[in-house]
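The lines below spell out each chain.
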Amino acid sequence: MLAVAVLTGCGAPPQLSEPTAAPTRTAAPTASGPSTPPTGPPASAPPLGTVTPTPDAGLVATACRNGPTGQRVVQLLRGRAGVLPANVRVQVRTGPLCAAEWQYTVLTVTGHEELQVVTRGRADAPTLVTAGTDVCTIEVRATGPAGIRALACDAVPTLRPSA
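What you see is a predicted model, and the numbers here were worked out from it, not measured in a lab. (Residues numbered from 1 in each chain as written. Predicted model: local features only at pLDDT ≥ 70, side-chain atom pairs only at ≥ 80, totals over all residues. Heavy atoms only, no water.)

Asker: Could you give an account of the environment of cysteine 136, naming the residues involved and the relevant values?
Answerer: In this fold, cysteine 136 is placed in the loop between strand S5 (127-132) and helix H3 (138-143). Its relative accessible area of 21% is what places cysteine 136 among the partly exposed residues. For the pair formed by cysteine 136 and aspartate 154, sequence separation is 18 residues and the distance between their alpha carbons is 8.6 Å. Excluding anything up to four places from it in sequence, cysteine 136 contacts Arg141, Ala152 and Cys153. (Helix = DSSP H or I, 4+ residues; strand = E, 2+ residues; numbered from the N terminus. Buried < 20%, exposed > 50% of the residue type's maximum accessible area, 1.4 Å probe, protein only. Contact = heavy atoms within 4.5 Å.)

Following this line, the structure appears as structure tokens:
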């Protein structure tokens, strides 16, 4: 009996369990007379090839169409941020990938570990949020869009064989 009592207390903490919605009731509409069709043009689907915005563009990080280029991110790190010295060779490995107004880039730095970079803001003037080998900072976790958090915090680091 004690084993049953102990095991019944196990489970997901309340903050991790799925919220349940109480069933709601709606009244059936009542007919009040003859209905007339709406006036105006009928609704139609957008033409093929048209891009329609998603409700939340920050859910998934995708290649930046209007974000900074990889070269712009490197310039930011070599400039005022002072993260990269001018004499080190850098190559963009991934990105920039954009989610909402945030960007995520991975750089290959000759003679060093890969450098992850999180920036935000306009394409012509991005602001450095963080750079390093672990960019899952409090700011990224608390205010970053889901697409950036997934890359910065949830991605499994690439394992490379040692020599």
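Asker: Could you give an account of helix H2 (residues 70-78), naming the residues involved and the relevant values?
Answerer: Those residues of H2 that fall on the buried side of the exposure criterion are Gly70, Val73, Val74, Leu76 and Leu77. Viewed end-on, H2 has its buried residues packed into an arc of 155 degrees, placing them on one side of the element. As for H2, its buried residues are in contact with strand S2 (90-99), strand S3 (102-109), strand S4 (115-120) and S5. (Arc of directions from axis to C-beta.)

Asker: Can you explain the state of the cysteines? Please cite residues and give values.
Answerer: Applying the stated rule across the entire model yields 2 disulfides. Here cysteine 64 connects covalently by a disulfide to cysteine 98, the sulfurs 1.8 Å from one another. Taking the sign of the S-S torsion, 105 degrees for the link of cysteine 64 and cysteine 98, the bridge is right-handed. Here cysteine 64, found in the loop between strand S1 (62-63) and H2, pairs with cysteine 98, found in strand S2; they are 34 residues apart in sequence, far enough to count as distant. Per residue, the accessibility class of cysteine 64 equals that of cysteine 98, and both read buried. (Disulfide = S-S within 2.5 Å.)

Asker: Any chance you could break down the sheet that holds S1 for me, citing the residues and the numbers?
Answerer: One open sheet accounts for 5 strands, arranged S1-S2-S3-S4-S5; its pairing is antiparallel. Strand pairing shows two members of the sheet lacking a second neighbour, S1 and S5, which therefore form its edges. Pairing analysis gives 7 bridges linking S2 to S3, with the strands arranged antiparallel. Within S3, the residue paired with valine 90 across the bridge is valine 109. Sitting on the sheet, H2 touches S2, S3, S4 and S5, and the angle it makes with S2 is about 110 degrees. Relative to the sheet, helix H4 (residues 146-154) contacts S2, S3 and S4, its axis offset from that of S3 by approximately 25 degrees. (Pairing = 2+ DSSP bridges. Axes fitted to C-alpha atoms, helices over the stretch in contact; angles between N-to-C directions.)

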